[in-house]
Amino acid sequence: MIVDAAKISRFSRESFTKLGMSEEDADTVTTTMLEADYRGIHSHGFLRLPIYVKRIKKNFIQVPSKVTVEMETEAMALLDGHYSAGQVVGKKTMEKAMELARNHGIGMATAKHSNHFGIAAHYALMAAEQNMLGIVMSNVEPLMPAIGGAEKVIGNNPIAFASPTAEGDPIVLDMALSNAPLGKILFAQAQGKEIPKGWGVDKNGEATTDPAQVLDGGFLSPVAGPKGFGLAIFAEILTGILTGSQFSKSIPSMYDMKEKQSISHFMLAIDLSQFVSGEEYGNRIKTLTSFVKESKKAPGVDDLYMPGEIEFERERKNKESGIAMEENVLQELYQLSDELGVSLKEVVLQD
Ligand SMILES: NC(=O)c1ccc[n+]([C@@H]2O[C@H](COP(=O)([O-])OP(=O)(O)OC[C@H]3O[C@@H](n4cnc5c(N)ncnc54)[C@H](O)[C@@H]3O)[C@@H](O)[C@H]2O)c1
């Protein structure tokens, strides 16, 4: 079904403020989920609202939010998120990286004691919008085994890169280091659908197309085998290891309601204007894009895309039509509306 993005967003903001979040922070978290749904990354859209609310109620996500700077040099900083919502910590981390980059050409900001921050693209795009290159990583609870292993040891840590362009949308690569993120497995389960082969294995390490088998003690598979596994290890080094926060097996699952998570983020901003003229950079990006877009296509292929292009196309379309939502996700939101006493009415635009 297609739902009204404005009404769901209002519900989301009101739910968070009812739980003690400031209006600004409620808007930050809501905007990130809305952006995910607009971009067709439903695994990180309003599907996550109920789990965030559950974790706030348990004090695993701290409200009101608090983010402090623990260490800062000319080009580096470490922020402490004090277990606030990951989106709030993530935004402040990229803002700090960009502030450092504005002053010194390059800025690296990391954050500890954070939570799940949603889509990594959101923060990388903050940099691209300011004519900077943005690089973003986060760690997550372990979801993947080592190559040949049968126990979860490393997260499918998301990474994103964004670059401005001379005209049109930025170029943005935003990906999980598993073949599919956990959210897509949860989304397939919510839809009652099978998952493609290669997305995950069951608890014995056997390939499966049943999302429940992956979620029940099974594992996600790394993208590109040992290469994706290696990138996940380095994303962990740049986040959990570097910040002195939880890493690998010490991070509890977001869906295991027993304790707080202490997620960390790594964000790098490079102020392009201090390195190369905007005109030269823009022209070179334009040429690169045309080499890709105008290259010979395989039979049956209509279009060739730059990273992020598909998501921008979806975003434009969904802003017009509304966002797609599964019936059971909407039912969960109605349940939340009853629990919190926050109104959610007449949101379905198309069944
Ligand atoms: N916060 C977290 O803990 C966490 C963990 C994992 C993933 N995530 C998020 O999950 C989301 C989904 O990740 P994913 O790996 O499933 O993404 P995906 O596989 O849908 O896309 C990955 C990238 O490939 C590009 N792409 C896709 N098809 C293309 C084509 N035909 N030509 C050129 N480029 C193409 C996309 O633009 C995108 O940049 C991301 O937003 C990620 O940040 C978050």
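Just so it is clear, the structure is predicted and the values come from calculations on it, not from any experiment.

Caption draft 1: Fine view of the pattern of salt bridges. Within this structure, the stated rule accounts for 12 salt bridges. A salt bridge links Asp-27 to Arg-13; its shortest N-O distance comes to 3.4 Å. Here Asp-27 is found in helix α2 (residues 23-38), whereas its partner Arg-13 is found in helix α1 (residues 5-18), with 14 residues between them in sequence. For Arg-13, a relative accessible area of 30% corresponds to the partly exposed category. In this structure, Lys-96 and Glu-99 form a salt bridge, with 3.3 Å as the shortest nitrogen-oxygen distance.

Caption draft 2: Spatial organisation of a nonpolar patch on the surface. The grouping of Phe-234, Ile-237, Ile-241 and Phe-247 at the surface amounts to a nonpolar patch, some 370 Å² of accessible area in total. Residue class for Ile-237 comes out partly exposed when judged on its relative accessible area of 33%.

Caption draft 3: Spotlight on the domain arrangement of the chain. Under the domain assignment, the chain is made up of domain 1 (1-57 + 295-351), domain 2 (66-177 + 225-274) and domain 3 (179-221). Domain 1 puts 7 residues into the contact, and the matching count from domain 3 is 7 residues. Summed over both sides, the interface between domain 1 and domain 3 buries roughly 620 Å², with carbon and sulfur atoms accounting for 70% of that surface. Of all residues in domain 1, the largest losses of buried area upon contact with domain 3 belong to Ser-43, Leu-47 and Glu-326, amounting jointly to 54% of the total for that side. Counting across the domain 1 and domain 3 interface gives 0 salt bridges. Joining domain 1 to domain 3, the criterion identifies 2 residue pairs in polar contact (both at pLDDT 80 or more). Along the lines of polarity and charge, the residues of the side of domain 1 that touches domain 3 split into 1 nonpolar, 4 polar and 2 charged.

Caption draft 4: Region of the structure containing the site of the ligand. Taken together, 22 residues are adjacent to the ligand, and Gly-118, Val-140, Asp-174, Gly-308 and Glu-311 come closest. One of the backbone N or O atoms of Ala-176 is found 2.9 Å from an oxygen atom in the ligand. In this structure, Glu-311 approaches the ligand through a side-chain N or O atom, which is 2.6 Å from an oxygen atom. The protein chains hide 78% of the 860 Å² of surface that the ligand would expose on its own. If you list the elements that add at least two residues to the shell around the ligand, you get β9 (171-175) and α10 (309-321). Element by element, the count of residues in the shell around the ligand is highest for β9, at 4 residues.

Caption draft 5: Spotlight on the packing of aromatic side chains. Applying the stated criterion across every chain, the model contains 1 aromatic pair. Residues Phe-117 and Tyr-123 carry aromatic rings whose centres are separated by 4.7 Å and whose planes lie at 20° to one another, so their mutual orientation is stacked. In this structure, Phe-117 and Tyr-123 share a single accessibility class: buried. Sitting above the plane of the Phe-312 ring, Arg-39 keeps its charged end 4.7 Å from the centroid. Lying across the ring of Tyr-83, Lys-260 places its NZ or CZ 4.4 Å from the centre.

Caption draft 6: Spotlight on the sheet that holds strand β14 (residues 348-350). If you walk across this open sheet you meet the 3 strands as β13-β1-β14, and the pairing is antiparallel. Looking along the sheet, the strands with just one partner apiece sit at the ends: β13 (323-324) and β14. With 2 bridges connecting them, strand β1 (residues 2-3) and β13 associate as antiparallel partners. Following the sheet pairing, Val-3 is matched in β13 by Ile-323.

Caption draft 7: Seen up close, unusual backbone geometry. Cis geometry is found at the peptide bond from Val-63 to Pro-64, where omega equals -10°. Structurally, Pro-64 can be placed in the loop between α3 (49-57) and β2 (68-72). Backbone geometry at Asn-131 places phi at a positive 60°, although glycine is not the residue there. Assignment of secondary structure puts Asn-131 in the loop between α5 (121-129) and β5 (132-138). Look at Glu-346: it is not a glycine, yet its phi comes out positive at around 45°. Within the secondary structure layout, Glu-346 lies in the loop between α11 (327-340) and β14. Of the residues examined, Glu-346 reaches a relative accessible area of 66% and is grouped as exposed.

Definitions and limits used
- Counting restarts for each chain, with residues numbered from 1 along the sequence as it is written.
- Under the rules for a predicted model, residues below a pLDDT of 70 receive no local features and side-chain atom pairs below 80 are neither given nor counted, while totals for whole chains, interfaces and linings still include all residues.
- Heavy atoms throughout the structure, all of them, feed into the side-chain values; hydrogens and water do not.
- Salt bridge, as applied in this entry: a Lys or Arg side-chain nitrogen positioned within 4 Å of an Asp or Glu carboxyl oxygen.
- For the purposes of this entry, the term helix denotes a DSSP run of H or I that reaches at least four residues, the term strand denotes a run of E that reaches at least two, and both are numbered from the N terminus.
- When a residue's accessible area, from a 1.4 Å probe over protein chains only, is under 20% of the maximum for its type it is buried; when over 50% it is exposed; and in between it is partly exposed.
- Residues forming no salt bridge and having over 30% relative accessible area are the ones grouped into patches, like charges within 9 Å of each other and nonpolar side chains (Val, Leu, Ile, Met, Phe, Trp, Tyr) within 5 Å.
- Surface exposure here means Shrake-Rupley accessible area, sampled with a 1.4 Å probe, where a residue is shielded only by the protein chains that are shown.
- Source of the domain bounds: an automatic or database domain assignment.
- Should any heavy atoms of two residues lie within 4.5 Å, those residues are considered in contact.
- Note: buried area is the sum, over both parts, of the accessible area (probe 1.4 Å) each one loses when the two are combined.
- Identification of polar contacts relies on pairs of N or O atoms within 3.5 Å, with a donor-acceptor requirement for protein atoms, meaning one able to donate a hydrogen and the other able to accept it, and with residues adjacent in sequence counted only if both atoms are side-chain atoms.
- Put simply, Ala, Val, Leu, Ile, Met, Phe, Trp, Tyr, Cys and Pro go in the nonpolar bin, Asp, Glu, Lys and Arg in the charged bin, and everything else, Gly too, in the polar bin.
- Near residues are defined by distance, with any heavy atom within 4 Å of the molecule or strand qualifying the residue.
- Ring geometry is summarised as follows: Phe, Tyr and Trp rings, the Trp one being its six-membered ring, pair when their centres sit within 6.5 Å, and such pairs are stacked at plane angles under 30 degrees, edge-to-face over 60 and tilted between the two.
- Only when the NZ of Lys or the CZ of Arg is both within 6 Å of the ring centre and within 35 degrees of the ring normal is a charge said to sit over the ring.
- In this scheme, strands are said to pair when DSSP sees at least two bridges between them.

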